[in-house]
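# Structural overview for review
For reference, the chains in residue letters:
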Amino acid sequence: MARAAVTLASLLVCGFAAAFRPGAPASRVVWRTPTRVMGGAEEDYEEIGVTRINRAMLELTPEEEDYRSEFDRRFGELRGVPLKKVSETMERFHALYTRPMIPLYRELVNKLLTNTHICIVNPAFVYDPVFALGMMAFYDDFLANYPGEERDTIFSALCAALDLDADKIKTDAQRTREYFAGKTEEQVLALGIDSASDEFAEIFARIRSDRFFRYTEHHGIGLVKIMGILDLEVTPERIEAWSKNLVHVRKGRLSLDYDFFKTGLDRMAQGEEIMKQIEIREKKRMAERLEQKAQKAEAAALEAAAAAAAVPEAQEAEGEKQDA
């Protein structure tokens, strides 16, 4: 019964874990280059190192040729360079953290590892404090109730496996919270428009101007957390406004990532509640078993005491009988 309940709790979390969209299986992770851009939104790719080329011979428009040229200028030297595999990241994590993990959280951590790996091995990925805030939100919110002091140990192993600095991520996430505290929505959305006056203005300016900006779920949840710091309600209208302001953050992706995040937290809460009920029932059963054991021991002791008291009486009666 307990094992079935644990499985049920794990399945609730797996529903969230499925929300992490790794994009491509580990065996298919390759560096791809766009061959044609349609309306600046959808792309066809040729896969470097793979003989099949999708629509590579299509004639490009001047805008598409410019896109391709800039792409080649910035990332062309990386063609054919092998990427770190997901399996390598997973193996390193399990080598660094060797203790068994609670099943409710194990699948979540594995998916967080996989998804983050896929994000950061992309050559267009650029680390920034908004990414750090989102990554900490994923970890802190979903593992908030992980028992003991293992949360920090697990996070350190997770970051090391991803070739990230755990202390830097924590520090950058805290700096981001402090920077946006007390600001208004108008001030935030104006960052980097006129001039990049500080680090965060530069980040917002880059998101708007860099058509190769590598959006990740962590960036999306980082932006949502910034909304929370500003005491703003996260609504479809606000997501649309922020996406339009930031240009290269697509409304659909940001909205989807936020919905998955909320749904995942709800499922985690359900799973934790199931685990709590299981623990309560197991403690109750254990208490009942201990009580039954104590009652049996007490009955046996009383029986033994009665038997011991009966021996002298029987001996005395036998002695009287012999004297008579």
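Residues numbered from 1 in each chain as written. Predicted model: local features only at pLDDT ≥ 70, side-chain atom pairs only at ≥ 80, totals over all residues. Heavy atoms only, no water.

Once that is clear, we can look at helix α6 (residues 150–161). Over its twelve residues, α6 runs 16 Å from end to end, which matches the ideal 16 Å to within 8%, given 1.5 Å per residue. Among the residues making up α6, those that are buried are E150, R151, I154, F155, A157, L158, C159 and A161. (Helix = DSSP H or I, 4+ residues; strand = E, 2+ residues; numbered from the N terminus. Expected span 1.5 Å × (residues − 1). Buried < 20%, exposed > 50% of the residue type's maximum accessible area, 1.4 Å probe, protein only.)

Positive phi, normally seen in glycine, also occurs at D163, with a value near 65°. Note on placement: D163 falls in the loop between α6 and α7 (166–180). Residue D163 is classed as exposed on the basis of its relative accessible area, which comes to 52%. Look at V247: it is not a glycine, yet its phi comes out positive at around 65°.

Counting across every chain of the model gives 19 salt bridges. For R99, the salt bridge identified is with E150, shortest N-O distance 2.6 Å. Residue R99 is located in the loop between α3 (86–96) and α4 (103–120), and its partner E150 is located in helix α6; the two are separated by 51 residues in the primary sequence. Given the relative accessible area of 16%, E150 is considered buried. K170 is the partner of D152 in a salt bridge, and the nearest nitrogen-oxygen pair spans 3.6 Å. Placement of D152 in helix α6 and of K170 in helix α7 is noted, with a sequence separation of 18 residues between them. Classification of D152 as partly exposed rests on a relative accessible area of 45%. It is possible to trace a salt-bridge network through shared partners that takes in D66, E70, R74, D210 and R211. (Salt bridge = Lys/Arg side-chain N within 4 Å of Asp/Glu carboxyl O.)

In terms of nonpolar packing, the biggest core is built from 66 residues, with F93, M135, L158 and W242 touching the most fellow members. Considering every element that reaches this core, the biggest residue donor is helix α5 (residues 129–142), with ten residues. What L158 contacts, discounting residues up to four positions off in sequence, is F93, V109, L112, L113 and M135. Judged by nonpolar contacts, the second largest core, of five residues, contains Y67, F71, A124 and F212. (Core = buried A, V, L, I, M, F, W, Y, C linked by side-chain atoms within 4.5 Å. Contact = heavy atoms within 4.5 Å.)

A separate point is the packing of aromatic side chains. Counted by the stated rule, this structure contains 16 aromatic pairs. Judged by centre distance (5.3 Å) and plane angle (85°), the rings of F138 and F261 are edge-to-face. Within this pair, whereas F138 is found in helix α5, its partner F261 is found in helix α12 (residues 251–323), the two being separated by 123 residues in sequence. Each member of the pair F138 and F261 is classed as buried. Between F180 and F204, the aromatic rings sit 6.1 Å apart at their centres with planes inclined by 35°, giving tilted as the arrangement. You can see F180 sitting in helix α7 and its partner F204 sitting in helix α9 (residues 199–209), a full 24 residues away along the chain. F204 shares its class with F180; the two are buried. (Phe/Tyr/Trp six-rings, centres within 6.5 Å; stacked < 30°, edge-to-face > 60°.)

Between α4 and α5, whose axes approach to 11 Å, the crossing angle comes to 170°. In this view, α4 runs roughly antiparallel relative to α5, as classed from their interaxial angle. On the side of α4, the interface is formed by Y105, L108, L112, T116 and I120, while α5 contributes F131, M135, F138, Y139 and F142. Within the contact of α4 with α5, the residues separate by chemical class into nine nonpolar, one polar and no charged. (Axes fitted to C-alpha atoms, helices over the stretch in contact; angles between N-to-C directions. Parallel < 35°, antiparallel > 145°, perpendicular 65-115°, else oblique. Nonpolar A, V, L, I, M, F, W, Y, C, P; charged D, E, K, R; others polar.)

Averaged over every residue, the pLDDT of the chain is 80; residues scoring 70 or more account for 76%. Element-level pLDDT for the chain is lowest in strand β1 (residues 32–38), with a mean of 38, against a maximum mean of 98 in α7. The low-confidence segment residues 1–55, where pLDDT is below 50, has 113 contacts with residues more than four positions distant or belonging to other chains. (pLDDT = per-residue confidence, 0-100.)

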